[in-house]
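Structure at a glance
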Amino acid sequence: MNTKQIAAEALNLPSEARAKLALDLIESLDNLTTVEIEALWMTEAARRADQIDRGVVELIDSDVVAAQVRELLL
């Protein structure tokens, strides 16, 4: 079973079971070594860079984001 199949199965669980599963998964990350964490961040950075290169995501200027955050907090 691949991760897409697992995710599809998990999304069919009742909300309480999904919340418990999510918490269990997040807590399992606490046991990772520094090397494992760095490898995960490098994988995520590569995934995001690929999305940018392919034009899949829209980049937003940091000044725009900061202004939106300020607006939300006021």
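**Re the overall build of the protein**
- Of the regular secondary structure elements, the protein holds four helices and zero strands.
- Going residue by residue from the N terminus, the α and β elements of the protein occur as α-α-α-α.
- Its C-alpha atoms give the protein a radius of gyration of 17 Å, more than 25% over the compact-globule value 11 Å for 74 residues.
- In terms of overall dimensions, the protein has C-alpha extents of about 40 × 30 × 25 Å along its principal axes.
- In the form shown here, the protein has an accessible surface area of approximately 6,900 Å², with 61% of it arising from carbon and sulfur atoms.
- Seen as two clouds, the 7 positive and the 14 negative side-chain charges of the protein have centres 5 Å apart.

**Re helix 4 (residues 62–73)**
- For helix 4, which comprises twelve residues, the first-to-last C-alpha distance of 16 Å matches the rise-based estimate of 16 Å (1.5 Å per residue) to within 8%.
- At the N-terminal boundary of helix 4, the capping side chain belongs to Asp61, with an oxygen 2.9 Å from the backbone nitrogen of Asp63.

**Structural notes on the pattern of salt bridges**
- Here the structure, examined in full by the defined rule, presents four salt bridges.
- In this structure, the salt-bridge partner of Glu44 is Arg47, at a minimum N-O distance of 2.5 Å. One end of the pair, Glu44, and the other, Arg47, are both in helix 3 (residues 34–54), three residues apart, so they sit about a helical turn from each other.
- With a shortest N-O distance of 2.7 Å, Glu44 and Arg48 are connected by a salt bridge.

**What to know about the side chain of Gln51**
- Residue position: Gln51 is located in helix 3.
- A relative accessible area of 19% means that Gln51 is categorised as buried.
- Not counting residues up to four positions away in its chain, the partners in contact with Gln51 are Val56 and Val57.

Rules used throughout
- Residues numbered from 1 in each chain as written.
- Predicted model: local features only at pLDDT ≥ 70, side-chain atom pairs only at ≥ 80, totals over all residues.
- Heavy atoms only, no water.
- Helix = DSSP H or I, 4+ residues; strand = E, 2+ residues; numbered from the N terminus.
- Rg over C-alpha atoms; globule rule 2.2 N^0.38 Å.
- Areas by Shrake-Rupley, 256 points an atom, 1.4 Å probe, with all protein chains shown as cover.
- Lys, Arg positive; Asp, Glu negative; His and termini not counted.
- Charge placed at Lys NZ, Arg CZ, Asp CG, Glu CD.
- Expected span 1.5 Å × (residues − 1).
- Polar contact = N/O pair within 3.5 Å; in protein donor to acceptor, adjacent residues only side chain to side chain.
- Salt bridge = Lys/Arg side-chain N within 4 Å of Asp/Glu carboxyl O.
- Buried < 20%, exposed > 50% of the residue type's maximum accessible area, 1.4 Å probe, protein only.
- Contact = heavy atoms within 4.5 Å.

As far as function goes, none of this settles anything; it's purely spatial.
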